[in-house]
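Spelled out from the first residue to the last, the chains are:
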Amino acid sequence: MYADDVALVTHSAAEAQQLMDVLDVFCRLFDMEVNMGPQKTCVVVFRRARAKVPAGFRLLFRGQEVTVQMEYTYLGVRAHATRGFAGAADALAASGCKAMHALLTQCRRSNLTQVDIKTRMFDVLVEPVLSYASHIWGPQQFHKHLASNPFDSKAEKVHTSYLRVMCGASKGTSLDVMYRDMYRLPVVYHWVALAVRWWNRMSAARVDALESLACCAWVEDVQLALDGCRECWAFSVLSTMCKLGLLEPGWRQRPAAWVQDRRWEEPVVRLALAQLFTSRWQGYQQLDPRTAPSKGISMCTHAAWVYPLPADVECPSRAAAPPHTKVLASFSIVKNYLQLRIGCAHLEVEQGRKGRQVPRAERLCRLCSGENATLAMRQAVIGRTGTSQNVEDLKHFVLECPVYDDLRARCVAFPSSVYSQLQSPTCVAQVFGHTAQTSLAHTLYKMKVRRAELLGLPFQF
């Protein structure tokens, strides 16, 4: 019972009818009525897929037959007759999508552009909608997608859409790059932390002899997992802890009391999740973006030139958010800066890659290496790079192309010493990691505007 909502759960039709009769007595004693509308009162017969409702099954309340339905939403969580809680996340994702669009509207009206604040607002106003009661239905989701593809759920697609709008990312943008650059972790990772928090709460309640109905159900569920059931809640949680390296693989051979006493500190869990996300970058951070294979080229570029991976992964927190997420500027300037960082700024190297027709060596900068480039520009870029066949990639646009030298000279993020280090693999990262992030964002925007004017392109940023 919760307020005026009542759920009756039994294992047989006979017991269900007995509980309906008890409910009848309860309502007469306390002068209450039951709304028998199909959207308010119904019966759901939980069963395996393709199994049918038992023949002749009927449930009566005061002589009126209760409607049999395939699913019902109780306290905001959808339960399906054959899929269990599998549809709960999808239903909440639809509600979260509405909340996300409402938030974007408010951000536009308020001229709010700072990434750190907008992502924080998402965590406060949208993420709780996506994660409502996820400590119950979430393990079914993150057990499947945590290691393979954490971006696959409908709830995560809402999160992804919000980030895409913030930075103007195209559909082909690497999600790993976009999430890491905006200092985000998938929502499904948060579901793991919430489920562990619930586990710790149930474990403490059992030890303190405060066993509620939920605690008793948890104890039985853990026993199911120990008995070999792979579809129960506890199995999903414990298997996930094994994947994160926070539980010994042989937990099934342990006594029930030992498993029930296991607890995990939430910061430790979140750190393990951050390490799991960072592990997706293995093999990409040591490659040169100009010679790396096309697979994972966005991750190579980001790790080498934009946002190098730290030696030690820290537990994510707002205090540790990188400076570029706190840039204060107009939406066009912030969006252009983020597009350059995540690899969707419409440079020649990106256009040729997406078309899959032009070899990388032919995606030349049209301003200093193209057919219409002036002799002065060709000589200037040869003196800087040693060749007149320069691909317009991120490094070339930010540091090498002489067309923007006057703009760079007025920005403190471009020290004169950086041009003597163009062969260094960290020269671009030094610029993107400079403390003058707002000045850098303004300069890069002016460079993109000049590029568009000289090439006769529309302002797409």
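Look a little higher up for the structure.
### Let's talk about the packing of aromatic side chains
- Applying the stated criterion to the full structure yields 12 aromatic pairs.
- A network of ring pairs unites the aromatic residues F151, Y179, Y189 and F277 as a single cluster.
- Between R254 and the ring centre of W258, over which it is positioned, the NZ or CZ distance is 4.4 Å.
- Of note, R262 hangs over the ring of W258, and the distance from its end group to the ring centre comes to 4.3 Å.

### What to know about helix α6 (residues 154-167)
- Its 14 residues place the ends of α6 20 Å apart at the C-alpha level, agreeing with the 20 Å of an ideal helix rising 1.5 Å per residue.
- Along α6, the residues classified as buried are A155, E156, V158, H159, T160, Y162, L163, M166 and C167.
- Those residues of α6 that are buried are in contact with α2 (88-109), α3 (115-125), α4 (127-130), α7 (175-181), α8 (187-207) and α14 (331-342).
- Following α6 by one or two positions, G168 has its phi on the positive side, about 65 degrees.

### Brief notes about the nonpolar core
- Of all hydrophobic cores here, the largest spans 113 residues; its most connected members are W199 and L444.
- Residue contributions to this core peak at 11 residues, all from α8.
- Those residues in contact with L444 that sit more than four places away from it in its chain are N336, Y337, L340, F397, V398, F414 and F432.
- By size, the runner-up hydrophobic cluster in this structure holds 11 residues, among which are M20, C27, M36 and V45.

### A few points about the environment of L213
- Along the polypeptide, L213 turns up in helix α9 (residues 213-226).
- When the C-alpha positions of L213 and R451 are compared, they lie 66 Å apart, and in sequence the two are 238 residues distant.

### Thoughts on the layout of surface pockets
- Estimates place the volume of the second largest pocket at around 1,100 Å³.
- For the second largest pocket, the lining is made up of 36 residues, of which Y183, R184, L185, P316 and S317 are closest to its centre.
- At the level of secondary structure, the elements contributing two or more residues to the lining of the second largest pocket comprise α3, α7, α8 and α12 (266-278).
- Broken down by class, the residue content of the lining of the second largest pocket amounts to 20 nonpolar, six polar and 10 charged.

### Here we look at the packing of α8 against α12
- Contact geometry for α8 and α12: axes closest at 10 Å, N-to-C directions at 155 degrees. It follows from the interaxial angle that α8 and α12 lie roughly antiparallel. Between α8 and α12 lies a crossing whose hand is right-handed. On the side of α8, the interface is formed by Y189, H190, V192, A193, V196 and R197, while α12 contributes E266, V269, R270, L273, L276 and F277.

About the criteria used
Residues numbered from 1 in each chain as written. Predicted model: local features only at pLDDT ≥ 70, side-chain atom pairs only at ≥ 80, totals over all residues. Heavy atoms only, no water. Phe/Tyr/Trp six-rings, centres within 6.5 Å; stacked < 30°, edge-to-face > 60°. Lys NZ or Arg CZ within 6 Å of the ring centre and 35° of its normal. Helix = DSSP H or I, 4+ residues; strand = E, 2+ residues; numbered from the N terminus. Expected span 1.5 Å × (residues − 1). Buried < 20%, exposed > 50% of the residue type's maximum accessible area, 1.4 Å probe, protein only. Contact = heavy atoms within 4.5 Å. Core = buried A, V, L, I, M, F, W, Y, C linked by side-chain atoms within 4.5 Å. 1 Å grid on protein atoms, 1.4 Å probe; cavity = no way out; pocket = protein on both sides within 12 Å on 5 of 7 lines; lining within 4 Å. Points joined across faces, edges and corners; volume = space filled by probe spheres on them. Nonpolar A, V, L, I, M, F, W, Y, C, P; charged D, E, K, R; others polar. Axes fitted to C-alpha atoms, helices over the stretch in contact; angles between N-to-C directions. Parallel < 35°, antiparallel > 145°, perpendicular 65-115°, else oblique. Left-handed = near helix turned anticlockwise from the far one by under 90°.

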